[in-house]
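Overview (structure and organization)
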Amino acid sequence: MVDAVLLIFREVLEAALILSLLLALSNKLQLNYRWSFLALLVGVIGSWLLAHYAYEIADAMEGTGQELLNAALYCAAILSVIALGLLILPLAFRPGSARAAANNEELPLHHQRLLYGLFIIVVSFSLMREGSEIWIYLSAFTQHPTAMSSALIGAAIGTGIGMSLGAIIYYVFAFMREKYFLPIFLVVITLLVGGFAMQIAKELMQIGLFDSTTPLWDSSFLVNEHSWLGELLYALLGYDSRPSPIQGLFYLLAIAPILLASLWHAWRLRANTHA
């Protein structure tokens with residue numbers, strides 16, 4: 001049961017974190033929440049389809065189908081989050097709050113529609129990836145009723161903990177002071193993007209596209225990946241106790257667009273202030 005709790009907790013928390021952050025952003029920008037229902041529907045159906053055809057997917061592309069599909073889902077999520085970050089980044093460097101920016105129509109209608117599309121892609125793709133793992137895990141117990149009962153109880157506990165933490169994250173961001181919300185939001189999604197990129201590198205290393213060389217460091221003596229704290233950090237930041245150099249490179253490449261754009265906006269703001 002403990003294994004079920006940890007596995008389901010990790011999968012649920014990552015999806016819940018992303019959904020909570022985007023719902024909080026919708027709240028701050030006074031956007032409606034209808035996109036979330038479509039995103040959840042697409043994500044759940046997509047996760048079931050991925051789980052249902054898991055063997056066919058795994059056998060595709062000479063046995064590398066599952067890893068390539070996971071990498072593609074991560075890549076789509078990364079590109080969408082980067083686009084989202086670049087879209088809202090100017091609001092973080094303008095006077096006033098995010099809500100004031102929305103009220104003053106600094107967020108055009110076509111930008112709002114683009115945000116809705118990005119929200120749906122990020123949440124649905126994340127839910128597909130994480131949800132399929134849950135379907136596959138639970139399906140392994142279908143022929144063992146006793147084990148299935150224990151797994152379902154563990155899954156319910158892990159889901160409850162993950163959703164509870166997601167709710168806490170939502171309320172923390174929803175009630176955050178306006179002037180702090182966007183900067184902190186951008187920092188968090190930048191860290192998420194870096195974590196996703198590290199997972200892409202791991203998937204590609206598993207199929208031999210990149211060599212798994214000596215890790216940059218080993219922090220397992222501080223935080224084990226399979227502990228509760230390790231699972232939490234994995235979901236929040238993509239934590240890896242022994243990251244390879246290629247994972248580090250992917251991380252830097254993923255966070256670079258938002259980081260460089262932030263530095264550019266900060267430089268422009270300072271130049272305009274001193275002009």
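In this report, we go over the structure that sits alongside the text. Keep in mind that what you see is a predicted model, and the values were worked out from it rather than measured.

Some words on the packing of aromatic side chains
The final tally for this structure, using the stated rule, is seven aromatic pairs. With a centroid separation of 5.1 Å and 75° between ring planes, the pair formed by Tyr 170 and Tyr 171 is classed as edge-to-face. Since its relative accessible area comes to 49%, Tyr 171 is described here as partly exposed. With 6.1 Å between their ring centres and 85° between their planes, Phe 173 and Phe 181 make a pair best called edge-to-face.

Let's talk about helix 2 (residues 34-52)
With 19 residues, helix 2 extends 28 Å between its outermost C-alpha atoms, agreeing within 8% with the 27 Å of an ideal straight helix rising 1.5 Å per residue. Within helix 2, burial applies to Trp 35, Ser 36, Ala 39, Gly 43, Gly 46, Ser 47, Leu 50 and Ala 51. Down the axis of helix 2, the buried side of the element spans an arc of 130°, and every buried residue falls inside it. Exposed residues lying more than 90 degrees from the buried face of helix 2 are Arg 34 and Phe 37.

Some thoughts on the pattern of salt bridges
If you walk through the whole model with that rule in mind, you get four salt bridges. The salt bridge partner of Glu 130 is Arg 129, with a shortest N-O separation of 3.0 Å. Asp 218 is paired through a salt bridge with Arg 242; the nearest N and O atoms lie 3.4 Å apart. Taken together, the residues Asp 218 in the loop between helix 8 (178-206) and helix 9 (228-237) and Arg 242 in the loop between helix 9 and helix 10 (245-274) connect sequence positions 24 residues apart. Its relative accessible area of 45% is what places Arg 242 among the partly exposed residues. In this structure, a network of salt bridges that share partners links the residues Glu 14, Arg 129 and Glu 130.

So, the nonpolar core
Among the nonpolar cores identified, the biggest contains 54 residues, and Leu 22, Leu 25, Trp 35, Leu 84, Ile 88, Phe 119 and Phe 185 are the most heavily contacted of them. When residues in this core are grouped by element, the largest group, 13 residues, is from helix 8. If we skip the residues at most four places from it in the chain, Phe 119 touches Leu 22, Leu 25, Ser 26, Leu 31, Trp 35 and Leu 84. Of all hydrophobic cores here, the second largest spans 10 residues; its members include Val 12, Phe 141, Met 148 and Ala 155.

Section: the packing of helix 4 (residues 65-92) against helix 8
At a minimum axis distance of 9 Å, the contact between helix 4 and helix 8 shows a crossing angle of 160°. Judged by the angle between their axes, helix 4 and helix 8 are roughly antiparallel. For the pair helix 4 and helix 8, the sense of crossing is left-handed. Split into classes, the residues belonging to the contact of helix 4 with helix 8 amount to 22 nonpolar, four polar and two charged.

Concerning the packing of helix 2 against helix 3 (residues 54-63)
Two elements in contact, helix 2 and helix 3, have axes whose closest approach is 4 Å; the angle formed by their N-to-C orientations is 65°. Between helix 2 and helix 3, the angle falls in the class roughly perpendicular. Seen from helix 2, the contacting residues are Leu 50, Ala 51 and His 52; seen from helix 3, they are Ala 54, Glu 56 and Ile 57.

Concerning unusual backbone geometry
Not every positive phi belongs to a glycine, and Met 61 is a case in point at roughly 55°. With respect to the element layout, Met 61 can be found in helix 3. One non-glycine residue, Glu 62, adopts positive backbone phi at about 60°. Within the secondary structure, Glu 62 sits in helix 3.

Calculation criteria
- Residues numbered from 1 in each chain as written.
- Predicted model: local features only at pLDDT ≥ 70, side-chain atom pairs only at ≥ 80, totals over all residues.
- Heavy atoms only, no water.
- Phe/Tyr/Trp six-rings, centres within 6.5 Å; stacked < 30°, edge-to-face > 60°.
- Buried < 20%, exposed > 50% of the residue type's maximum accessible area, 1.4 Å probe, protein only.
- Helix = DSSP H or I, 4+ residues; strand = E, 2+ residues; numbered from the N terminus.
- Expected span 1.5 Å × (residues − 1).
- Arc of directions from axis to C-beta.
- Salt bridge = Lys/Arg side-chain N within 4 Å of Asp/Glu carboxyl O.
- Core = buried A, V, L, I, M, F, W, Y, C linked by side-chain atoms within 4.5 Å.
- Contact = heavy atoms within 4.5 Å.
- Axes fitted to C-alpha atoms, helices over the stretch in contact; angles between N-to-C directions.
- Parallel < 35°, antiparallel > 145°, perpendicular 65-115°, else oblique.
- Left-handed = near helix turned anticlockwise from the far one by under 90°.
- Nonpolar A, V, L, I, M, F, W, Y, C, P; charged D, E, K, R; others polar.

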